[in-house]
Amino acid sequence: LNWNGDTIKSYTYDPNTGEPEEVPYSVTYGTQAEFLGSNPTREPNIDYTYDFTGWTPALGKVTSDVTYTATYSKQPRKYTIIFTTEGGVEIERQFLTHNELPVCENVPTKTGFTLQWEPALAAVTRDTTYRATWLEEPPTEYEITFVDYDGTTVLKKDSVAVGELPETPIITDGKPSGSEGNPGTKEFTYIFDHWSPAVEEVTQAMTYTAVYREEAK
């Protein structure tokens, strides 16, 4: 019998030729038991593979009805884990057991990008190939520009970290520093009022324009 109770093969001997026949196994008292087929096998499961090691009880001279059961040794089943570049070039190959977590020892790098494996790394359940993909890292700062009312005269330009509030030009005598101011007319003068759009914490590159209010002379 195999490990699970299934019959593997039964033999008897033809009394005329002495050759085995695949029929119910009956042998003469004192005959040496012999299995004439190929070694039996046992299918691997998710955790182990199996190698045939012999019969229980050991084969010997037959003196009574007897059932021999195949026995096996087991070894942890190894799965092949491969890490490749984005283009499919192999970086590393590992042989891991069920539920081990794969970790690439030779991690690739790419300036300005974050590595992401496809598929996502997970505990081992089968042979798997992981391909390196790259996510562009978001900027850590942006260019912030302040311009005068005309939209062309640059009053200040800085690189400001994400989440920081930009420092605006200093307002002196009703106009931002660096500005000649709005010359106005005979009837009105123009005084700095606010920035458009309203100055906020940095999330992207922005240009802020000086807005003046009109006052009668």
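Cut-offs used in this document
- Residues numbered from 1 in each chain as written.
- Predicted model: local features only at pLDDT ≥ 70, side-chain atom pairs only at ≥ 80, totals over all residues.
- Heavy atoms only, no water.
- Helix = DSSP H or I, 4+ residues; strand = E, 2+ residues; numbered from the N terminus.
- Buried < 20%, exposed > 50% of the residue type's maximum accessible area, 1.4 Å probe, protein only.
- Contact = heavy atoms within 4.5 Å.
- Pairing = 2+ DSSP bridges.
- Axes fitted to C-alpha atoms, helices over the stretch in contact; angles between N-to-C directions.
- Phe/Tyr/Trp six-rings, centres within 6.5 Å; stacked < 30°, edge-to-face > 60°.
- Patch = residues over 30% accessible without salt bridge, like charges linked within 9 Å, V, L, I, M, F, W, Y side chains within 5 Å.
- Areas by Shrake-Rupley, 256 points an atom, 1.4 Å probe, with all protein chains shown as cover.
- Salt bridge = Lys/Arg side-chain N within 4 Å of Asp/Glu carboxyl O.

### Side note on the side chain of Thr84
- Considering the arrangement of structural elements, one finds Thr84 in strand β5 (residues 78-84).
- What makes Thr84 buried here is its relative accessible area of 7%.
- Every residue in contact with Thr84, bar those within four places of it in the chain, is listed here: Val89, Glu90, Ile91, Trp117, Thr129, Tyr130, Arg131 and Ala132.

### Concerning the sheet that holds strand β10 (residues 154-161)
- Strand order in the open sheet made by the four strands is β10-β9-β14-β13, with mixed pairing throughout. Two strands bound the open sheet, and with one partner strand each, they are β10 and β13 (188-196). Within this sheet the neighbouring strands show an average axis-to-axis angle of 25°, counted without direction.

### A few points about the pairing of strand β6 (residues 90-97)
- Pairing of β5 with β6, which is carried by seven bridges, proceeds in the antiparallel orientation. Along β6, the bridge assignment pairs Tyr79 with Leu96.
- What sits between β5 and β6 in their antiparallel hairpin is a turn of five residues, with Gly88 showing a positive phi close to 95°.

### A few points about the packing of aromatic side chains
- Counted according to the given criterion, the structure contains ten aromatic pairs.
- Taking the centre distance of 5.0 Å and the plane angle of 65° together, the rings of Phe146 and Trp195 count as edge-to-face. A residue pair is termed long-range when its members are at least 10 positions apart, and Phe146 in strand β9 (residues 141-147) and Trp195 in strand β13 qualify at 49 residues.
- The buried category is assigned to Phe146, whose relative accessible area is 2%.
- Owing to a relative accessible area of 9%, Trp195 belongs among the buried residues under this scheme.

### A closer look at unusual backbone geometry
- Backbone torsion omega between Glu118 and Pro119 reads 0°, so that peptide bond is classified as cis.
- By the secondary structure assignment, Pro119 is in the loop between β7 (113-118) and β8 (128-136).
- Non-glycine residue Asn99 carries a positive phi angle of around 75°.
- Along the chain, Asn99 turns up in the loop between β6 and β7.
- Even without glycine at this site, Asp173 takes up a positive phi of about 55°.
- Position of Asp173 relative to the elements: it lies in the loop between β11 (171-172) and β12 (175-176).
- With a relative accessible area of 73%, Asp173 lands in the exposed category.

### As for a nonpolar patch on the surface
- A contiguous nonpolar surface patch, about 260 Å² in accessible area, is contributed by Leu101, Val103 and Leu121.
- Looking at the element boundaries, Leu101 is found in the loop between β6 and β7.

### Here we look at the environment of Pro102
- Topologically, Pro102 is positioned in the loop between β6 and β7.
- In this structure Pro102 comes out as buried when scored by relative accessible area, which is 1%.
- Residues Pro102 and Ala123, 21 residues apart in the sequence, show an inter-C-alpha distance of 6.9 Å.
- Apart from residues no more than four positions distant in its own chain, Pro102 is found in contact with Ile81, Phe83, Gln94, Leu96, Leu121, Ala122, Val124 and Tyr130.

### Quick notes on the pattern of salt bridges
- Per the counting criterion, the structure on display carries five salt bridges.
- Close ionic contact of Asp158 with Lys156 constitutes a salt bridge, the shortest N to O distance being 3.8 Å.
- When the shortest N-O distance is used, the salt bridge between Glu167 and Lys156 registers 3.9 Å. Pair noted here: Glu167 is in the loop between β10 and β11 and Lys156 is in strand β10, with a separation of eleven residues, a long-range link.

### Some words on the sheet that holds β6
- Within the open sheet, the four strands sit side by side as β6-β5-β8-β7. Their pairing is mixed. Edge positions in the open sheet fall to β6 and β7, since each of these has one partner strand only. Taken pair by pair, the neighbouring strands of this sheet meet at an average axis angle of 25°, ignoring direction.

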